[in-house]
Amino acid sequence: MNNCQKHGLIVIGYPGIGKSTVAKSSCGKIIDFESSLFYINDKRQPDWYKIYAKQATELAKQGYMVLVSAHKEVRDELAKYIPNSNFDIGTIAPAYNLEKEWIHKLRDRYEADSTTKNFAAYTNIIEHYHENITDMASDSRFSHIFINSMDYELGKILHNLRLAFNFERIK
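Every value quoted in this text rests on a predicted model; they were computed, and no experiment measured them.

Quick look at the pairing of strand β5 (residues 65–68) now. Here β5 shows two buried faces, one formed by Met65 and Leu67 and the other by Val66 and Val68. Of the pairings in the sheet, the one linking strand β2 (residues 30–32) to β5 comprises 3 bridges and is parallel in character. From the neighbouring strand, aspartate 32 faces β5, where its bridge partner is leucine 67.

As structure tokens, then:
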């Protein structure tokens, strides 16, 4: 690969990890590709994840860091783009031991901003936290980062991730 070629990165982020917050402060360098935008009349089309993954990969091909949802169907679709791509894909999620803190965090987020998106994220982790984390951790198609403390800075983690992936790509 030519070192001058754009090299993007897709980061699959667990709900509440801070995708929207870090993207807002990135001056356009990081895109929070919000999956909730794929609702039409309060429903998603059956193949929404295919369009979502395709658009995310197109942004990554342009050199952007794209933060995407952790839905299983999204991960499965993104994995199809791994061969012959000029971008990398990784996941970021909380560790198992943060379940209570994560539930509390998403409850607080929902209470502060009672959107359908925040309610869905909150109820999902109440019912499926360990299942979700196990599913992401066992997915060998991607590299994984697990947050072990609620005291983390996603922006710094993503910066280091970008450096690590670019270093590996250039070698």
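This part covers the sheet that holds β5. The strand order across the open sheet built from 5 strands is β2-β5-β1-β6-β7, with neighbouring strands paired in parallel fashion. Both outer strands of the open sheet, β2 and β7 (143–147), are each paired with one neighbouring strand and no more. Taken over all neighbouring pairs, the strand axes of this sheet differ in orientation by 25° on average, direction set aside. Judged from the 4 bridges that link them, strand β1 (residues 8–13) and β5 form a sheet pairing that is parallel. Residue leucine 9 lies in a different strand from β5, and its bridge partner there is methionine 65. Lying over the sheet, helix α2 (residues 48–61) contacts β1, β2, β5 and β6 (87–94), oriented at roughly 160° with respect to β5.

Quick look at the pattern of salt bridges now. Here the idea is simple: oppositely charged side chains can pair when their charged atoms come close. Applying the stated criterion across every chain yields a total of 12 salt bridges. Lysine 72 is paired through a salt bridge with aspartate 76; the nearest N and O atoms lie 3.2 Å apart. Of this pair, lysine 72 and aspartate 76 are both found in helix α3 (residues 72–79), 4 residues apart, which corresponds to roughly one turn of the helix. For lysine 72, a relative accessible area of 41% gives the class partly exposed. Classification of aspartate 76 as partly exposed rests on a relative accessible area of 29%. In this structure, aspartate 76 and arginine 141 form a salt bridge, with 2.8 Å as the shortest nitrogen-oxygen distance. Taken together, the residues aspartate 76 in helix α3 and arginine 141 in the loop between α5 (116–137) and β7 connect sequence positions 65 residues apart. Within the structure, one salt-bridge network assembled from shared partners comprises Lys72, Arg75, Asp76, Asp135, Asp139 and Arg141.

A word on α5. Because an α-helix completes one turn every 3.6 residues, residues spaced three or four positions apart along the sequence face the same direction. Given a rise of 1.5 Å per residue, 22 residues ought to cover 32 Å, yet the end C-alpha atoms of α5 are separated by just 27 Å, more than 12% below that figure. Helix geometry: α5 is bent most strongly at histidine 128, by close to 85°. Three or more residues of α5 are buried, namely Asn118, Ala121, Tyr122, Ile125, Tyr129, Asn132, Ile133 and Met136. On its buried face, α5 sits against β1, α3, β6, α4 (99–112) and β7.

Two aromatic rings, taken as a pair, are described by how far apart their centres are and by the angle between their planes. Applying the stated criterion to the full structure yields 10 aromatic pairs. Each ring, one from phenylalanine 38 and one from tyrosine 52, has its centre 5.3 Å from the other, and the planes form 90°; the classification is edge-to-face. A residue pair is termed long-range when its members are at least 10 positions apart, and phenylalanine 38 in the loop between β2 and β3 (39–40) and tyrosine 52 in helix α2 qualify at 14 residues. For the pair tryptophan 48 and tyrosine 52, a centre-to-centre distance of 5.6 Å together with 55° between the ring planes defines the contact as tilted. With tryptophan 48 and tyrosine 52 both in helix α2, this residue pair falls 4 residues apart, about one helical turn. With relative accessibility at 5%, the residue tryptophan 48 sits in the buried group. Here the aromatic cluster, defined as three or more aromatic residues joined through ring pairs, consists of Phe33, Phe38, Trp48, Tyr49 and Tyr52. Positioned above the aromatic ring of tryptophan 48 is the side chain of arginine 44, whose terminal nitrogen or guanidinium carbon lies 4.0 Å from the ring centre. A cation sits over an aromatic face here: lysine 105 above tryptophan 102, 4.4 Å from the ring centre.

Below, the discussion takes up the side chain of glutamate 34. By the element assignment, glutamate 34 lies in the loop between β2 and β3. According to the relative accessible area criterion, glutamate 34 is buried, its value standing at 17%. Within the structure, glutamate 34 has its side chain in polar contact with the side chain of serine 36 (distance 3.1 Å). Beyond its immediate sequence surroundings of up to four residues, glutamate 34 is in contact with Ser20, Tyr52 and Lys117.

Conventions we followed
- Residues numbered from 1 in each chain as written.
- Predicted model: local features only at pLDDT ≥ 70, side-chain atom pairs only at ≥ 80, totals over all residues.
- Heavy atoms only, no water.
- Buried < 20%, exposed > 50% of the residue type's maximum accessible area, 1.4 Å probe, protein only.
- Helix = DSSP H or I, 4+ residues; strand = E, 2+ residues; numbered from the N terminus.
- Pairing = 2+ DSSP bridges.
- Axes fitted to C-alpha atoms, helices over the stretch in contact; angles between N-to-C directions.
- Contact = heavy atoms within 4.5 Å.
- Salt bridge = Lys/Arg side-chain N within 4 Å of Asp/Glu carboxyl O.
- Expected span 1.5 Å × (residues − 1).
- Bend = angle between axes of the 7 residues up to and from the residue.
- Phe/Tyr/Trp six-rings, centres within 6.5 Å; stacked < 30°, edge-to-face > 60°.
- Lys NZ or Arg CZ within 6 Å of the ring centre and 35° of its normal.
- Polar contact = N/O pair within 3.5 Å; in protein donor to acceptor, adjacent residues only side chain to side chain.

Remember, this is a structural readout, not a statement about activity or role.
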